[in-house]
Amino acid sequence: RQRQMCIRDRFLMEAITICVVAGLVGLLLAYISSFFINKIFPSTLPLGLSILAVFMSLIVGVISGIIPSYQAANLDPIDSLRYE
């Protein structure tokens, strides 16, 4: 039982980490592109919207990681970690 929870948590944390890092990279690209867009017409990137974007990527990571993490936790530990 403890082993299943460890595997489930590991897969879930991996999905969350990937989504949050991708959200931060997307935010960085949006911030950089806002400098170029600002030359054509005024634009801003509010801090609240940026925090919401990173939070949404966290939610997507949780949602997209729940099912694979439970499936991996129900497999044999060697089989579930083999394809990681």
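Residues numbered from 1 in each chain as written. Predicted model: local features only at pLDDT ≥ 70, side-chain atom pairs only at ≥ 80, totals over all residues. Heavy atoms only, no water.

A. Region of the structure containing the packing of aromatic side chains. Tallying each qualifying case throughout the model produces one aromatic pair. Consider the rings of Tyr31 and Phe35, whose centres lie 5.2 Å apart with planes at 75 degrees: the pair is edge-to-face. Of this pair, Tyr31 and Phe35 both sit in helix α1 (residues 2-40), four residues apart, roughly one helical turn. With relative accessibility at 45%, the residue Tyr31 sits in the partly exposed group. (Phe/Tyr/Trp six-rings, centres within 6.5 Å; stacked < 30°, edge-to-face > 60°. Helix = DSSP H or I, 4+ residues; strand = E, 2+ residues; numbered from the N terminus. Buried < 20%, exposed > 50% of the residue type's maximum accessible area, 1.4 Å probe, protein only.)

B. Main features of the packing of α1 against helix α2 (residues 47-74). Relative orientation of the contacting elements α1 and α2 amounts to 150 degrees, with a least axis distance of 7 Å. With respect to α2, the element α1 is oriented roughly antiparallel. The two elements α1 and α2 cross, and the hand of that crossing is right-handed. Looking at the contact of α1 with α2 residue by residue, the class counts come to 17 nonpolar, nine polar and one charged. (Axes fitted to C-alpha atoms, helices over the stretch in contact; angles between N-to-C directions. Parallel < 35°, antiparallel > 145°, perpendicular 65-115°, else oblique. Left-handed = near helix turned anticlockwise from the far one by under 90°. Nonpolar A, V, L, I, M, F, W, Y, C, P; charged D, E, K, R; others polar.)

C. How the structure looks around the pattern of salt bridges. This structure, assessed with the given rule, holds one salt bridge. Between Asp9 and Arg8 there is a salt bridge whose closest N-O contact spans 3.7 Å. When its relative accessible area of 18% is taken as the criterion, Arg8 is described as buried. (Salt bridge = Lys/Arg side-chain N within 4 Å of Asp/Glu carboxyl O.)

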